[in-house]
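Results of the structural survey
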Amino acid sequence: MINAEGLSRHPRVAAGPVAWQIGNVSGYHLVAIDDAPCHPVSCGLIAPQAAVAMPETTIQAIYIPPPIVVNLREPAPDSVDRLSDTDVEQLRLNGNNATIFVHGYNVPHGNWARFTHNADLSGLAAMQPGTPKLVPNGSAATATLCQSEATDADERGLNGSGACNWLVNMEYQLNRAAGLPDDDWRQYTRIVGVFWPGDTGTTEFIEAEFAAMKSGRRLVNILVQLIEAGITINLISHSLGARVVLTALNILGAHGMRQRIDNLFLWEPAVADNALSPDTPFTDTPPRRDGFGTDSLAHSPAREVHPLGMGTFPTAHLATNNVVVLHSHEDGILGPSAKDALIEEDSGLLGALRGIRTFFDDTTDDQTGKLGGAYTKKWWTFPPIAGDGLRYFQDYYFERCRKISQDCMPAFQTYTQQKARNGDGYAQWQIERAWDTIEQAIVDEARRVATTILWGPLRADTPLPTYDLLQPLSHHYRISESMARLFAHKLRQLAQRDGWQPRDTDVRPALGLIGFESFIKEPFFEPRISVKVFDAINQSLWFPSHSAMKYPTEEIFVKSYQDGIMKRLMRGSRFGDY
């Protein structure tokens, strides 16, 4: 047994060579014995030996601690999400910094891998010859580290699956970028992995956006806990993970927690290019004096254009010192590849339908790019690219009508036939009354939740309340009654006037596709871009697909990991100082 000081005594061990493993606790990986480094993957395959003499021999063993995971896929223990005291102390000893990674869309929880002799990073050449004393088994054979950088590592099952796979790969590459030697892992730094339920299905993108905002509200407690502990925080997100972190930062910024995050790295973010704009119609804050809120900027690209206010995170920028966007025009998920001229050559509905057939026949990034990117079609109700597009809201709210009123649902069942019933005054009256009911329910929810929100600073031990009917605005800390009334009006307008397909606006391009290119001269963005508070790294020349960072080429590693992330991160962080 190992005591609180890390000492393990074994009085009945005979003199001679011995080997050992830690039992019943996964995630600890041996990296040094008596100040001599050993490869953790090699030790996971065959336990190294040490000589024991009588009557007493002291052996110093150094382990990498277990991974730190925030699992937002399950209900929070004791109703609030918190890191354990052990995790916080680990981060404090580990350079007093926390680097937090949030994965993207459609990623299941997955599993850790098992150590295997097929591993490419096993260091087998350095192992002791002869028959091993001990082959690790049970929890000691669980690999919570990267075993291979090969592009076929996932097919061989070397690095686990799902979110576990993303975490071990990102953690390893960040450590490499910080200067981790191949033959000495004692400086290996654990990052914090945030696992959230973004795997709602490959097409229901709005449902995944809802899950991201719910997860972002829960992430607030973790961030406040680290801030209260005085730990430096850096956030890295991929794809739709950007909506998780921006929701959390929007709430921190709105609550006066300014510049508490050192760096925010948004890697191929699947959010609007104007996501950091302070513009939103859903606010109780007086209009700004930097041009927003005036008719002169009615057509500014910085304007919020999402019909239900899900596009911008108006106070997120206040919570962080720096924002770095790593984007690529070659990301076929977020938009058309710059090298792909199919859309230009084959426009119109027939061309779109041909593209859709290609999309479903081949789900690779490049083929998706021929459709102009799945992200840019997420509002489409026909043809359906990302589920039912904005018609998802129809199903979402009509389903909730069942709980609101017995009279609501029959009325809404006639809704899809409304155009055919233009002459049916009674059916129209039913539909209007149903909308009146749901509008009132939306306002009532805002009032009800407002009574549960405590005034004063955010507390790590107090979870934020949740929204249901107001879920599209849940990236705001508190939704006032006036915000709820405006939202209800816009929802009704989207349904009754627009038929769930906005007539006067389009989806903004993805931030992960074009970065800040549209905002060089915008009054809010220009000064921040000029001093690199908002910085963009155009990876188009070396980053060919949406998830190319998981198994990077040497060019991606140097230009994106080292130059784009780690050099900035280490200016204010002691990453790797373990």
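It should be noted that the structure appears before, not after, this text.
Being a predicted model, the structure only gives us computed values, none of them experimental.

Turning our attention to helix α2 (residues 85-93). Taken residue by residue, α2 has D87, V88, Q90 and L91 as its buried positions. End-on view of α2: buried residues confined to an arc of 155°, all on one side of the axis. In this structure, α2 carries D85, T86 and L93 as exposed residues pointing more than 90 degrees from its buried face.

Here we come to the pattern of salt bridges. Per the counting criterion, the structure on display carries 28 salt bridges. For E481, the salt bridge is made with R485, and the minimal N-O distance between the two is 3.0 Å. Taken together, the residues span about one helical turn, with E481 and R485 both in helix α12 (residues 481-496) at a distance of 4 residues. Overlapping salt bridges bring together E432, R433, D436, E439 and R492 as one network.

Positioned with a positive phi, S79 is a non-glycine residue whose angle comes to about 70°. By secondary structure assignment, the location of S79 is in the loop between β6 (68-71) and α2. S79 sits in the exposed class, given a relative accessible area of 54%. Phi at N96 takes a positive value of approximately 55°, unusual for a residue other than glycine. Following the sequence through the fold, N96 ends up in the loop between α2 and β7 (97-102).

Inspection of the entire model under this criterion finds 2 cavities of 30 Å³ or more. Of all the secondary-structure elements, those providing two or more residues to the lining of the largest cavity are β2 (29-33) and α1 (40-45). Broken down by element, the lining of the largest cavity gets its largest block of residues, 3 residues, from α1. In the lining of the largest cavity, the residues fall into 13 nonpolar, 3 polar and no charged. Counted as a void, the second largest cavity has a volume near 80 Å³. Residue composition of the lining of the second largest cavity, grouped by class: 7 nonpolar, 3 polar and 4 charged.

In a beta sheet, neighbouring strands are held together by backbone hydrogen bonds and run either parallel or antiparallel to one another. The strand order across the open sheet formed by 7 strands is β6-β10-β7-β11-β12-β13-β14, and the pairing between neighbours is parallel. Taken across any chain shown, the strands that pair with only one partner, and hence form the sheet edges, are β6 and β14 (534-538). When the angles between neighbouring strand axes are averaged without regard to direction, this sheet yields 20°. Examined bridge by bridge, strand β11 (residues 232-238) and strand β12 (residues 261-267) share 5 bridges and lie parallel to one another. Its bridge partner being in β12, S237 is matched across the sheet by L266. Packing against the sheet, α2 makes contact with β6, β7 and β10 (192-195), and its axis sits at approximately 135° to β6. Here helix α15 (residues 554-572) sits on the sheet and contacts β7, β11, β12, β13 (320-327) and β14; the angle it forms with β12, its principal contact strand, is near 165°.

Rules used throughout
Residues numbered from 1 in each chain as written. Predicted model: local features only at pLDDT ≥ 70, side-chain atom pairs only at ≥ 80, totals over all residues. Heavy atoms only, no water. Buried < 20%, exposed > 50% of the residue type's maximum accessible area, 1.4 Å probe, protein only. Helix = DSSP H or I, 4+ residues; strand = E, 2+ residues; numbered from the N terminus. Arc of directions from axis to C-beta. Salt bridge = Lys/Arg side-chain N within 4 Å of Asp/Glu carboxyl O. 1 Å grid on protein atoms, 1.4 Å probe; cavity = no way out; pocket = protein on both sides within 12 Å on 5 of 7 lines; lining within 4 Å. Points joined across faces, edges and corners; volume = space filled by probe spheres on them. Nonpolar A, V, L, I, M, F, W, Y, C, P; charged D, E, K, R; others polar. Pairing = 2+ DSSP bridges. Axes fitted to C-alpha atoms, helices over the stretch in contact; angles between N-to-C directions. Contact = heavy atoms within 4.5 Å.

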